[in-house]
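Fold and geometry: a report
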Amino acid sequence: MPEQDPRKPIRIMLVEDQARFRRAMASLLGREPDLEVVAEAGSLDEARRHAASVEYDVVVLDLGLPDGNGANLIGELHEANPGAVVLILSASLDPTSLARAREAGADGILDKLAPPVEIIGTIRHLSGR
Amino acid sequence: MHQIREAERTRIARDLHDGVLQDLAYAVQTMEFTKLQSQGTALEEEIQVEIEAIRSAVRALRAAVYDLRLADEQHQSFPRLLESLVERNREMARGQQIELDVKEGFPSAPLGEIGTEFLRILQEALTNARRHSGARNVLVSLMAEGNDLVAEVSDDGRGFGSDTTPGVGLRSMRERAASLGGELEIRSEPGEGTTVRLRIPMPGRR
């Protein structure tokens, strides 16, 4: 795992097809001095393209994407940036869906409606800060 | 044939609920941001009330979806269902240990609808322990005491005093407990953790 400089912000990629939800998350995360949203994607395809060229520490991932289940992306997201963690935000908290995400290697799963402080705290915790 | 209709109904209901939940997720997080922008103003409190109203609606929606899934699961033993619930909570509770202790003598027969309500109350208690207590350790215990079933959720978090206004969550927990013919006891002192103790009469023996 690459050494993380604690002075550098945690780099986050948001993968979520609901653009307005992505904007809300970007606004909330953007307020934190130690977090930086470095990329956004609205589909598996877009996420794959970013993963190939963007360095990230955390991917905040939605499972219900228009071109497939986000769980299918988890392995690739880990491979493209070794040491990066994938946090699932789920609105339905459907057990089958979450089990699949877990099996695919999700590092964390949170309620999409959780208070921002919980989401932000989990991002920091998963990043080892 | 009945099972096929049930499964289809469940799937349709879940799709409907899913769309609504996504919309509500957007509404809540946007409002959370607006609330942060309104910090220190009277608006901040108003928005918080509205956010809680939406979260309450989401709890009800999720409960409805959960019920549909549970139609089959109600044939499972209660301790098994509680294990799954605890496991799901462990997922979300990073940095917190959740132990489950099912004492000897707790019935393994399915509890059906009563079990469903019982689980909802325990889920609420676990959510509180995760979000408000700052606890590192949570213990869920299950036992039979005479003709009663008892569950306890205790944490080593910051606790709260008698001057704290009970949240909407606590009220709904008490109401659910009462609707089961049972009672909810909450013991907490600032700095000394919290124990939520739920006691209900064993089903079939009211």
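The structure presented is a predicted model; accordingly, all values stated were derived computationally and were not measured.

This part is about the interface of chain B and chain A. Taken together, the 27 residues of chain B in the interface contact 31 residues of chain A. A combined buried area of about 2600 Å² lies between chain B and chain A, and 55% of that area is made up of carbon and sulfur atoms. In terms of surface lost to chain A, no three residues of chain B exceed Q29, R62 and R94 of chain B, which account for 24% of the buried area on that side. At the junction of chain B and chain A, the tally comes to 10 residue pairs in polar contact (both at pLDDT 80 or more). Elements with a minimum of two residues in the side of chain B that touches chain A: helix 1 (2-37), helix 2 (42-73), helix 3 (78-92) and helix 4 (112-131) of chain B. Examining the composition of the side of chain B that touches chain A, we find that 15 residues originate from one element, helix 1 of chain B, more than from any other. Within the side of chain B that touches chain A, the residues separate by chemical class into nine nonpolar, six polar and 12 charged.

On to the pattern of salt bridges, then. Using the criterion set out here, one finds 27 salt bridges over all chains in the structure. A salt bridge links E32 of chain B to R55 of chain B; its shortest N-O distance comes to 2.8 Å. Separated by 23 residues along the polypeptide, E32 of chain B in helix 1 and R55 of chain B in helix 2 bring together distant segments of the chain. R55 of chain B gets classed as buried once you look at its relative accessible area, which sits at 9%. Overlapping salt bridges, with partners in common, bring together D111 and E118 of chain A together with R62, R130 and R131 of chain B in one network.

About the thresholds
Residues numbered from 1 in each chain as written. Chains lettered and ligands numbered in written order. Predicted model: local features only at pLDDT ≥ 70, side-chain atom pairs only at ≥ 80, totals over all residues. Heavy atoms only, no water. Contact = heavy atoms within 4.5 Å. Buried area = accessible area lost by both parts, 1.4 Å probe. Polar contact = N/O pair within 3.5 Å; in protein donor to acceptor, adjacent residues only side chain to side chain. Helix = DSSP H or I, 4+ residues; strand = E, 2+ residues; numbered from the N terminus. Nonpolar A, V, L, I, M, F, W, Y, C, P; charged D, E, K, R; others polar. Salt bridge = Lys/Arg side-chain N within 4 Å of Asp/Glu carboxyl O. Buried < 20%, exposed > 50% of the residue type's maximum accessible area, 1.4 Å probe, protein only.

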